[in-house]
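Notes for the structure review
Next come the chains, spelled out residue by residue.
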Amino acid sequence: MSIVYRTCPLCEAVCGLKITLDDAGHVTDVRGDREDPFSRGFICPKGASLGRLDEDPDRLRAPLVRDGDQWREVSWPAAFAAVERGLAAVPGPARAIYLGNPSAHTMAGALYGSAVARSLGTRAVFSASTADQMPKHVSCGLMFGNPLAIPVPDLDRTAYLLMLGANPLESNGSLCTAPDFPGRLKAIRKRGGRLVVVDPRRTRTADLADEHVFVRPGTDAYLLAGIAHTLFAEGLVTVDTPVSGLAEVEAALRDFPAELAARACGVPAAVIVRLARELAAAPSAAVYARLGTCTAEFGTITQWLVDVLNVLTGNLDRPGGAMFARPATERGARRKPYRTGRWHSRVRGLPEANGELPVATLADEIETPGEGQVRALITIAGNPVLSAPNGARLDRAFRGLEFMVSVDPYLNETTRHAHVILPPPRILNSGHFDFALLGFAVRNYVRYSPPALPLDGAPPETEILARLAMIASGQGADADPALLDELILTGLLGDSPERRAALDGSSGAELRLDAMLRLGPYGEWSGGGDLSLRKLREHPHGIDLGPLEPRLPGNLATASGLIELAPEGIMADLVRLRARLSAEIPEFLLIGRRHLRSNNSWLHNVGPLVGGSNQCTLQINPVDVARLGLGREAVVRSAKGELTVPLEPTDTIMPGVVSLPHGWGHEGSAQAVAAKNAGVSVNVLTDEDVIDPLSGNAVFNGVPVSLAIR
Ligand SMILES: Nc1nc2c(c(=O)[nH]1)N[C@H]1C(S)=C(S)[C@@H](COP(=O)(O)OP(=O)(O)OC[C@H]3O[C@@H](n4cnc5c(=O)[nH]c(N)nc54)[C@H](O)[C@@H]3O)O[C@H]1N2
Ligand SMILES: Nc1nc2c(c(=O)[nH]1)N[C@H]1C(S)=C(S)[C@@H](COP(=O)(O)OP(=O)(O)OC[C@H]3O[C@@H](n4cnc5c(=O)[nH]c(N)nc54)[C@H](O)[C@@H]3O)O[C@H]1N2
Ligand code: SF4
Ligand SMILES: [Mo]
């Protein structure tokens, strides 16, 4: 028997886990790690099921190659050779890559994902980011000059939290890394603070709040514009950060007085005005908006307004407000203007953002003939058939690919189209470090989890991706992945044999992590401290690096060195917001939801996590059921598709709104448990032609649908 301590890789809360293993390496117990200074023993049902997930009998243990509809297990060298042959037949610009959500959690994704993308020689780079948070990157890029400089609510000190479109009691938080998010929210109220939740559903998070406000899906921008308008109109603006464009913002928002905003968003004008006054009066306050407001037609404008409000109320970059973390592997951003649209997609002419094209146009790029038509695809840790808007179309499009390779532990709705599947080893065979998520943490914190179990011949995912990068760049399946790491290390360290020799680590990934830690803001080579991989190994429960501290103006990378409150692109897009002020409201608007025991599309094969509240049902207000006639299921139609789904009447959802979770639709799946609770995929209904134009982000909330009950 042995006990290992490691970070849970399943969501953004980065909880520390205490895992008991028997002598054969089977997990016999998983609990929260009480000695972790950040999560202090918190765990959720997913973390507690990590052993079941890690040892799922349906997880792939060897690479698969497909001939027609026959799958065959092959050796690793044979699999990489097949990838080399497949990619060689398709020139760079006709190749595409899609990086899914777990690649933001794995070391492999963080350290090698972009190397694979770059080595393909294509601009057809896609990821789950354009089905998720791209609007936040774009708004922060435009305002702060760095798309990764995302302020997070200072949860542990704030006196007032206005939260929109997030449900951390189920999701455990996003772009706000906070283990035990529920406990931290309760603490706000316990210390006399106030929590207001804005959501078209009265969620479990809303139940915990002082106030819940229903908002019509897709219209948060009006609510926030109305609040900002009120701040200006009532002389409540107190800016104490270095900004440009304040007068332009005031002028641009003149068209959104509370009464007009109220009509568009369904929140009474008196509530809008009161929220503005409360925000201004609170000793400290933070506005925080997440997924429900990003995956919407005004996604970027909404994210911009969130930080405009944080600035206007004097709460940006101050304790208790919205602050920037200082992660241990941070590298200073250079000052240069942030731009999107440096190139455009071939078929729809959509602008690039952060070097990516919108996943909403992936099917166009595969289906539309012509030079640059996508004929080969790499997917890494993604299931876009279930997660992308109109995934049903992608399901068809993937069939036409000449070559597809997927790095994924499962044969699923997406990877079944691949010609080669390369499975990463078990979670416990892998090292873990949260390169991305620690940059959005509500306390500065760091922790490294080395592999807990030795590899039995299979390569770690870091090596799988390094090899893919080398194959894609023409170096061949037998090239030594260590060469890639050395190249990157030289880039990091410069020509310093002493520093290279000092690095500690038993893999290229560990060497690179050590270099980044030592060069980082707390590192022994930056003069900021004594952080190194060795030190992290000596602290298996993680290290608290203190509360968030003010970081402005140092953290700004805009050309002006100021917060750019009125970026041109946003000012121009406000025309669209104005034009919709009096738009007609469809009979039903479809939104999503998440369940505590789910994780997008890929935890439905773990028995204890499915069933109960975790089911694929259509939530609808009883008033609407009474109006449409009683029945047990509904036929839901959108511009793109039709689904039949069981009804779940509940008064927790606004009349005129229906909600269906995503990630379901496992009929015929090779995953036995998931196939039994198949559900349907909401992304049969979502529309890839409707996007947030500034970020290219998909729209999952506020999709017009019609219903027939039977
Ligand atoms: N309608 C609707 N659609 C949505 C959303 C919504 O709210 N509503 N949410 C969107 C959001 S926020 C996101 S992030 C996307 C997610 O979109 P995706 O990332 O495309 O989908 P996931 O379901 O997260 O699929 C993750 C895949 O990674 C695999 N995997 C798990 N662990 C590992 C690993 O360690 N390594 C590798 N290589 N693979 C691994 C899983 O088997 C699975 O195939 O979905 C989006 N789609
Ligand atoms: N258990 C579990 N945890 C997860 C995931 C999971 O699938 N399951 N997925 C992970 C991922 S990839 C992500 S990105 C995060 C997301 O984490 P969160 O950002 O917390 O997202 P959700 O839990 O989907 O909550 C979004 C809320 O927005 C509401 N909403 C919908 N439309 C609107 C709107 O127009 N306006 C407003 N104000 N609200 C709206 C929905 O009703 C819902 O309550 O969760 C992560 N954690
Ligand atoms: S909240 Fe997230 S990180 Fe914590 S145990 Fe649950 S799934 Fe893991
Ligand atoms: Mo996400």
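Residues numbered from 1 in each chain as written. Chains lettered and ligands numbered in written order. Predicted model: local features only at pLDDT ≥ 70, side-chain atom pairs only at ≥ 80, totals over all residues. Heavy atoms only, no water.

**With respect to the overall build of the protein**
Selection criterion: Secondary structure elements follow DSSP: runs of H or I of four or more residues count as helices, runs of E of two or more count as strands, with numbering from the N terminus. Relative accessibility under 20% of the residue-type maximum defines a buried residue, over 50% an exposed one, and the middle range a partly exposed one, all with a 1.4 Å probe and only protein chains included. In what follows, residue pairs with any heavy atoms lying within 4.5 Å of each other are defined as contacts. For accessible areas, the Shrake-Rupley method is used with a probe of radius 1.4 Å. Any residue's cover is judged against the shown protein chains and nothing else.
A tally of helices and strands in the protein yields 25 helices and 28 strands. Along the three orthogonal principal directions, the C-alpha set of the protein runs to about 65 × 65 × 55 Å. With 710 residues in all, the protein has 63% of them scored as buried. Within the protein, contacts between residues separated by at least 24 positions form 72% of all contacts whose residues are at least 6 apart in sequence. Carbon and sulfur atoms make up 51% of the accessible area of the protein, which amounts to about 25400 Å² in all.

**Some points on helix H5 (residues 134-144)**
Each α-helix winds once per 3.6 residues, and so residues spaced three or four apart point in a common direction. Summarising burial for H5: eleven of the eleven residues are buried, a large majority. Along H5, the residues classified as buried are Met134, Pro135, Lys136, His137, Val138, Ser139, Cys140, Gly141, Leu142, Met143 and Phe144. Where the residues of H5 are buried, they touch helix H13 (291-294), helix H14 (299-312), strand S20 (563-564), helix H23 (568-579), strand S26 (691-692) and strand S27 (697-698).

**Section: the site of ligand 1**
Rules: Near, as used in this document, describes a residue that has one of its heavy atoms within 4 Å of the molecule or strand being considered. Between N or O atoms, a polar contact is any pair within 3.5 Å; within protein, one atom must be a potential hydrogen donor and the other a potential acceptor, and residues adjacent in sequence are included only when both atoms are from side chains. Here the nonpolar group is Ala, Val, Leu, Ile, Met, Phe, Trp, Tyr, Cys and Pro; Asp, Glu, Lys and Arg are the charged ones; every other residue, Gly included, is treated as polar. For every domain, the bounds stem from an assignment made automatically or drawn from a database.
Inspection of the region around ligand 1 gives 29 residues, with Tyr98, Asn101, Ser387, Asp408 and Ser601 positioned closest. Ala381 places a main-chain nitrogen or oxygen 3.4 Å from an oxygen atom of ligand 1. Between ligand 1 and the protein, one listed contact pairs a nitrogen atom with a backbone N or O atom of Ser387 at 2.7 Å. Within the complex, the protein chains bury 95% of what would otherwise be the 920 Å² of accessible surface of ligand 1. Along the lines of polarity and charge, the residues of the shell around ligand 1 split into 14 nonpolar, eleven polar and four charged. For the shell around ligand 1, the domains that each give at least three residues are domain 2 (64-133 + 338-422) and domain 4 (586-709).

**Some details on the pairing of strand S13 (residues 286-289)**
For clarity, the threshold we go by: Two strands are said to pair when DSSP picks up at least two bridges between them.
Judged by which residues are buried, S13 turns out to be covered on both faces: Ala286 and Tyr288 on one side and Val287 and Ala289 on the other are all buried. As paired elements, strand S9 (residues 160-164) and S13 share four bridges and run parallel to each other. Its bridge partner being in S13, Leu162 is matched across the sheet by Val287.

**Some thoughts on the pattern of salt bridges**
In plain terms, the rule: Every case where a carboxyl oxygen of Asp or Glu lies within 4 Å of a side-chain nitrogen of Lys or Arg is listed as a salt bridge.
A complete count under the given rule lists 50 salt bridges for this structure. A salt bridge links Glu211 to Arg194; the shortest N-O distance between them is 2.8 Å. Here Arg194 lies in strand S10 (residues 194-198) and Glu211 lies in strand S11 (residues 211-213), a separation of 17 residues in the sequence. Judged by its relative accessible area of 12%, Glu211 falls in the buried class. Here Glu510 makes a salt bridge to Arg537, at a shortest N to O gap of 2.7 Å. With a gap of 27 residues between them, Glu510 in helix H21 (residues 508-519) and Arg537 in helix H22 (residues 533-538) connect regions that are remote in the sequence. Residue classification places Glu510 among the buried positions, given a relative accessible area of 3%.

**A closer look at the pairing of strand S2 (residues 16-21)**
Along S2, five of the six residues are buried, which leaves the element largely enclosed by surrounding structure. Relative to strand S3 (residues 27-32), S2 is paired through five bridges, and the arrangement is antiparallel. Looking at S3, one finds that Ile19 is bridged to Val30. Hairpin geometry of S2 and S3 is characterised by an intervening segment of five residues between the two adjacent antiparallel strands and by a positive phi of about 85 degrees at Gly25.

**Some points on helix H7 (residues 181-190)**
Note the following rule: The arc in question is traced by the directions running from the helix axis to the C-beta atoms.
Residues of H7 that are buried: Phe181, Pro182, Arg184, Leu185 and Ile188. One side of H7 carries all its buried residues, which in axial view fall inside an arc of 165 degrees. Its buried side turned inward, H7 meets S9, helix H6 (168-171), S10, helix H8 (204-207) and S13. N-capping of H7 is provided by Asp180, with a side-chain oxygen placed 2.9 Å from the backbone N of Gly183. Remark: Gly192 follows H7 within two positions and exhibits a positive phi of approximately 95 degrees.

**So, the packing of aromatic side chains**
Applicable threshold: A pair of Phe, Tyr and Trp rings is counted when the ring centres sit within 6.5 Å of each other, with Trp represented by its six-membered ring. The angle between the planes then sorts it: under 30 degrees is stacked, over 60 is edge-to-face, the rest tilted.
What the rule picks out here adds up to seven aromatic pairs. Considering the side-chain rings of Phe38 and Tyr445, the 4.8 Å spacing of their centres and the 40 degrees angle between planes classify their relative orientation as tilted. Here the residue Phe38 occupies a position in the loop between S3 and helix H1 (45-48), and Tyr445 occupies one in strand S18 (residues 443-446), the gap between them amounting to 407 residues. The two residues Phe38 and Tyr445 agree in class, both being buried. Ring geometry for Tyr222 and Phe256: centres 6.3 Å apart, planes at 55 degrees, overall tilted. Taken together, the residues span a long stretch of sequence, with Tyr222 in helix H9 (residues 220-233) and Phe256 in the loop between helix H10 (246-252) and helix H11 (258-265) at a distance of 34 residues. By relative accessible area, Tyr222 is classed as buried at 2%. Among the aromatic residues, those joined into a cluster by ring pairs are Tyr222, Phe256 and Phe298.

**What about the sheet that holds S10?**
This is how the line gets drawn: Simply put, an axis is a line fit to the C-alpha atoms, just over the touching stretch for a helix, and the angle between two N-to-C directions goes from 0 to 180 degrees.
With respect to topology, four strands assemble into an open sheet ordered S11-S10-S9-S13, the strand pairing being parallel. Strands with a single pairing partner mark the edges of an open sheet, and in this sheet they are S11 and S13. The sheet shows a mean angle of 15 degrees between the axes of neighbouring strands, taken without regard to direction. On the sheet, H9 packs against S9 and S10 and is oriented at approximately 150 degrees with respect to S9.

Read these as spatial facts, not as claims about activity.
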